Amino acid sequence: DRAESAAHMEEAEVGAGEVEIDDRTEGEAVDDESEGGAADGEEEHDNGGEEEKDLGINRKMELLSAVDPKIEPRESRENTQEETLVLEYIENFRRQFVQLYPNRPALLMTPRNECGVPKCVCSTIRPTQPNYKELYDLDTCAKFVADHIEYQPLPEPLKLPRYLPSPLSTLKWQLGDCLDMSVVLTSFLTGVGYDAYCVSGYAPKPITLADQTRAECPAVTSEDVATTGAVVTEGQQTEGQEVAVDDRPPPYHIKPRPQLHSMFLLTEEKLQMLNEAERNKTEGLRDEQTVEEPDPLQGQRVHVWVLVLAGKREVQRDVFVEPSTGKIYLVGSSPYLGVESVWNHRNYWVNMQDATMPMESLQFDLEDFKRWEFVFLDSARGGAQKELEFEGEDVQLSQMRSIDDIKDTDKIIDLPPTWVTRLEIDRDAYLSRCANGIKLTEYHKSKQETFSESTRPDGMVRRVTLYHDVARTHIKEIRETFAHRRDRLESRTHWPDSGRRVDDFGNGRLTPDALKQIIEAADRRELVFYSSARLDGMVKRVEIFGQKVIEIYDARDDRLNYRSLTYEKEIDTNPQSRRDQSGLAIRKMCEKFDKNKKVSADSDVRMRTFLVAEGKITLDFHYGPGQVTAAARTFITKDGKALSYSADPFAKQQRGSALREQFQRLLQAEKDCMQALRDGDRAAKELLSLRKKEEDNIALNKSLYEQLKTKQKEEASRPVEEEVDTTYKHDYLAPYLPKGHKDVKVLSRVEAMEAKEKCIKALEERLVDRGNIIESRLEEEQQQLTRRQAGYQRQDKDKTAEEEYERYVQEASFRIQILKQRKQRHDDMSKQKYKEMIQTLAQDVRLAAALNEQPPPRK
């Protein structure tokens with residue numbers, strides 16, 4: 001049994017020669033392994049009856065061949081005594097497994113690392129908590145690994161890889177196969193608290209080749225849901241989401257209106273449906289022609305992915321994670337075909353269930369030792385206390401012993417700690433995200449291009465192209481996403497067939513236009529704004545070329561919510577017709593207002609229409625409470641006559657003078673409306689001109705990290721300045737020395753006396769100025785207090801004024817006291833500073849010799 005095997009291993013001599021380690025140099029071993037692997041692969045392909053597609057050069061083997069073991073850490077170049085013992089233990093387990101199950105494929109347990117040294121797959125996993133909080137979530141971490149590491153398919157689809165470099169090397173190279181990426185992802189997920197495992201098994205050809213041409217683009221699906229809004233109906237709600245359903249019948253029933261249909265429109269819709277069906281049929285036939293032939297290696301292609309068990313980090317159900325694409329599948333609905341083994345940094349488990357069992361029937365209770373055979377005893381120590389049960393002739397590797405019996409044995413092999421150092425992702429590599437700065441993924445009738453941030457001059461980080469056909473030749477739609485744009489452009493959608501384009505902007509543009517969206521088509525243009533950031537409250541401006549201009553407002557003080565201008569449909573040659581700046585004849589202008597609850601409905605204007613072509617002005621008022629009609633009034637602009645209708649027969653009629661005043665106001669309102677529309681047109685043109693300049697000179701905002709990095713580069717590129725003598729850098733006497741004498745250690749007597757007098761004079765002036773400032777502040781405070789006292793004596797006294805006066809006197813007295821103390825302290829310190837300056841000058845070596853020298857005798 002395992003305990004006796006472990007005891008036998010401890011008694012044996014531990015050495016490198018007992019483990020099957022190649023004595024050749026690591027580079028030669030990698031080259032021979034690559035050649036041998038290619039030969040074995042060709043033989044297996046011949047046995048399969050079909051030659052596999054050429055997957056290109058195995059770049060992983062090239063990187064492995066370029067590794068210099070001498071510069072690698074010691075843990076990578078050799079095995080410790082404990083690791084060698086574990087390798088012997090695993091080899092013993094493998095021999096027993098092959099003897100008991102000769103028809104099962106070989107297990108992936110001890111691949112070689114980048115130095116050619118065999119290592120246990122469990123010790124290659126290095127649980128690490130990433131330095132970036134964005135990677136703490138399962139979904140974001142899986143997508144990052146899929147984007148950051150370039151996926152390399154296995155050169156031999158029927159064999160597991162023989163080499164497993166450390167996950168640190170995989171992150172450095174940004175290249176790896178399914179095994180390398182699974183180890184990296186498991187290390188990160190385990191480090192942030194997930195119960196993650198690597199899984200070795202079988203997968204279909206599209207999974208092993210990361211071929212997503214039959215799947216829908218996830219970016220398209222998520223954007224469509226965000227745009228249209230997901231409505232959850234009964235029976236379609238997501239898991240864990242409750243939908244409130246009101247079973248009470250409605251108290252009132254309203255007879256529905258009869259639906260009126262146009263025979264012409266019905267005929268047009270029917271023809272359109274027939275054309276659409278014919279087009280779909282043609283595309284369906286084309287899709288059937290592109291269906292791939294059955295895979296002769298179906299069910300035999302090996303693959304490695306990640307398993308995350310439920311229980312930790314609020315994971316409700318067991319899921320599989322595909323490291324090459326970052327997709328997450330429920331275990332029961334996953335595309336994988338079979339599981340051979342699973343492992344993490346603690347143990348290795350072999351699947352003892354039926355290999356042909358579907359995924360929904362596969363049990364992942366690793367403490368069920370009847371379904372999962374463990375290699376190390378770590379799980380047995382902390383697992384269930386039940387004994388292993390065996391039925392009939394089904395013999396397990398652990399024989400007939402129970403876990404309690406194994407626990408009592410001291411000869412137990414423990415899994416050594418990981419030999420991999422802590423995983424680190426460089427900030428530049430993390431920000432670049434993609435391995436080569438760009439990642440192209442092809443989907444069904446679409447493709448997605450992901451770019452590293454700040455690598456493109458236009459700031460584009462993603463572009464999704466939708467096609468009409470499976471062959472991806474006829475473009476249907478292009479969706480572009482931007483980041484760090486100074487003009488705050490976030491996304492752009494373009495339809496080449498119709499020429500329609502939509503630009504979306506984020507909030508916080510430097511310009512005062514508060515632009516949110518621009519929609520351009522062949523016959524119209526729409527400008528959408530953040531109304532709360534605009535002074536005029538404009539929400540949208542719609543321009544239908546040659547027909548109409550519409551402006552929509554919100555939350556204005558004058559309650560204006562709509563303004564429009566309509567042009568004449570036919571060309572007007574009348575020179576007396578009023579025209580706008582473009583020369584088109586104006587038919588009418590219209591303004592709409594929100595309801596004012598403070599005035600009556602008969603005087604609250606709802607819509608004001610200026611019929612320019614007809615020479616009329618119409619007013620429509622709001623509906624009053626309980627009324628089915630509303631008041632209206634029409635003015636003739638030629639003579640000012642008014643025609644009124646009142647919904648209230650008892651309402652008081654307006655006088656002629658009031659109507660004339662209202663008519664004059666409407667004439668002015670018509671001019672104001674025309675001017676506002678002209679100003680809006682001018683502002684729209686200026687905005688479009690500004691957008692053209694922004695597109696011609698695209699500017700990106702640099703992050704704080706990029707700014708610091710640029711600053712470091714600039715400082716490193718600067719020429720090294722000559723060292724400056726800091727002896728006299730803060731010399732008190734330097735401003736008073738003669739020019740060119742700063743470096744002179746001894747001065748003449750005349751120069752020394754002049755420097756001394758200047759220095760003492762400057763100190764005296766500085767002290768006197770400081771004293772005068774304090775004295776002036778003190779006098780100002782005393783004068784203000786005196787004026788306040790005199791004013792208080794003259795005014796009427798109440799309780800509030802008295803309390804305020806007392807508070808002011810208290811504060812003023814405190815300030816005066818502080819200023820007096822500062823003045824006294826300044827007087828004392830001035831004497832001390834003057835004395836210290838005299839002593840300093842007397843001790844200065846530059847002045848001492850000259851000042852102590854006797855003057856020459858007079859003639």
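Here we summarise the structure given alongside this text. (Residues numbered from 1 in each chain as written. Predicted model: local features only at pLDDT ≥ 70, side-chain atom pairs only at ≥ 80, totals over all residues. Heavy atoms only, no water.)

Let us look at the overall build of the protein. When helices and strands are tallied, the protein shows 20 helices and 25 strands. Every one of the 859 residues in the protein was classed for burial, and the buried ones make up 39%. Counted over contacts in the protein with a minimum sequence separation of 6, partners at least 24 positions apart contribute 57%. Taken as a whole, the protein presents about 52300 Å² of accessible surface, with 49% of it coming from carbon and sulfur. (Helix = DSSP H or I, 4+ residues; strand = E, 2+ residues; numbered from the N terminus. Buried < 20%, exposed > 50% of the residue type's maximum accessible area, 1.4 Å probe, protein only. Contact = heavy atoms within 4.5 Å. Areas by Shrake-Rupley, 256 points an atom, 1.4 Å probe, with all protein chains shown as cover.)

Turning next to the side chain of D513. By the element assignment, D513 lies in the loop between β15 (500–505) and β16 (515–520). D513 gets classed as buried once you look at its relative accessible area, which sits at 10%. Polar side-chain contacts of D513 include one of 3.0 Å to the backbone nitrogen of L515. Look past the residues within four positions of D513 in its chain and what remains in contact with it is F529, R534, L687 and L690. (Polar contact = N/O pair within 3.5 Å; in protein donor to acceptor, adjacent residues only side chain to side chain.)

Our next topic: the state of the cysteines. Scanning the model with the defined rule gives zero disulfides in all. Note on C673: no disulfide assigned, nearest cysteine sulfur contributed by C590 at a separation of 8.5 Å. (Disulfide = S-S within 2.5 Å.)

Here we come to unusual backbone geometry. In this structure, R313 is a non-glycine residue whose phi angle is positive, near 55°. Looking at the secondary structure, you find R313 in the loop between β4 (302–309) and β5 (319–321). The phi dihedral of R433 is positive, around 65°, even though this residue is not glycine. With respect to the helices and strands, the residue R433 is situated in the loop between α15 (427–432) and β10 (438–443). With a relative accessible area of 28%, R433 lands in the partly exposed category.

Below, the discussion takes up the packing of aromatic side chains. Counting across every chain of the model gives 15 aromatic pairs. Geometrically, the ring pair formed by F93 and F97 is stacked, given 6.4 Å between the ring centres and 15° between the ring planes. Of this pair, F93 and F97 both sit in helix α5 (residues 81–100), four residues apart, which is roughly one turn of the helix. Owing to a relative accessible area of 5%, F93 belongs among the buried residues under this scheme. Look at F97 and you get buried, because its relative accessible area is 3%. By the ring-pair criterion, three or more aromatic residues cluster together here, those being W305, F320, Y329, Y336, F364 and W372. We note R788 situated over the ring of Y808; from NZ or CZ to the ring centre the distance is 4.6 Å. (Phe/Tyr/Trp six-rings, centres within 6.5 Å; stacked < 30°, edge-to-face > 60°. Lys NZ or Arg CZ within 6 Å of the ring centre and 35° of its normal.)

Attention now moves to the pairing of strand β12 (residues 460–467). As a general feature of sheets, a regular strand has side chains that alternate between the two faces. The buried fraction of β12 amounts to six of the eight residues, a majority that puts the element mostly inside the structure. Here strand β11 (residues 446–451) runs beside β12; their pairing, made up of five bridges, is antiparallel. Paired with E449 across the strands is R463, a residue of β12. Of the strand pairs in this sheet, β12 and strand β13 (residues 475–482) are connected by seven bridges, and their pairing is antiparallel. Counterpart to Y467 in the pairing with β13 is I475. (Pairing = 2+ DSSP bridges.)

So, about the sheet that holds strand β3 (residues 195–202). Pairing is antiparallel in the open sheet, where seven strands are placed in the order β6-β5-β4-β3-β7-β8-β9. Every interior strand has two partners, whereas the edge strands, β6 (328–330) and β9 (372–374), have only one. With strand direction ignored, the average angle separating the axes of adjacent strands in the sheet is 30°. Relative to strand β8 (residues 348–351), strand β7 (residues 338–343) runs antiparallel, the two sharing three bridges. Residue pairing for β8: V342 is matched across the bridge by W349. Where helix α9 (residues 178–191) meets the sheet, its contacts fall on β3, β4, β5 and β7, and the angle it forms with β4 comes to roughly 10°. (Axes fitted to C-alpha atoms, helices over the stretch in contact; angles between N-to-C directions.)

What follows is about the pattern of salt bridges. One pass over the full model with this rule turns up 51 salt bridges. With its nearest N and O atoms 3.0 Å apart, the salt bridge here joins R509 to D513. Across this residue pair, the class does not change: R509 and D513 are buried. D681 is the partner of R541 in a salt bridge, and the nearest nitrogen-oxygen pair spans 3.8 Å. (Salt bridge = Lys/Arg side-chain N within 4 Å of Asp/Glu carboxyl O.)

Ranked by internal contacts, the top residues of the largest apolar core, which has 60 residues, are L189, V308, W343, Y348 and F376. Elements with a minimum of two residues in this core: α5, α6 (121–124), α7 (138–148), α9, β3, β4, β5 and β8. Ranked by residues supplied to this core, first place goes to α9 with eight residues. Among the nonpolar cores identified, the runner-up in size contains 35 residues, and I586, V605, F621 and C673 belong to it. (Core = buried A, V, L, I, M, F, W, Y, C linked by side-chain atoms within 4.5 Å.)

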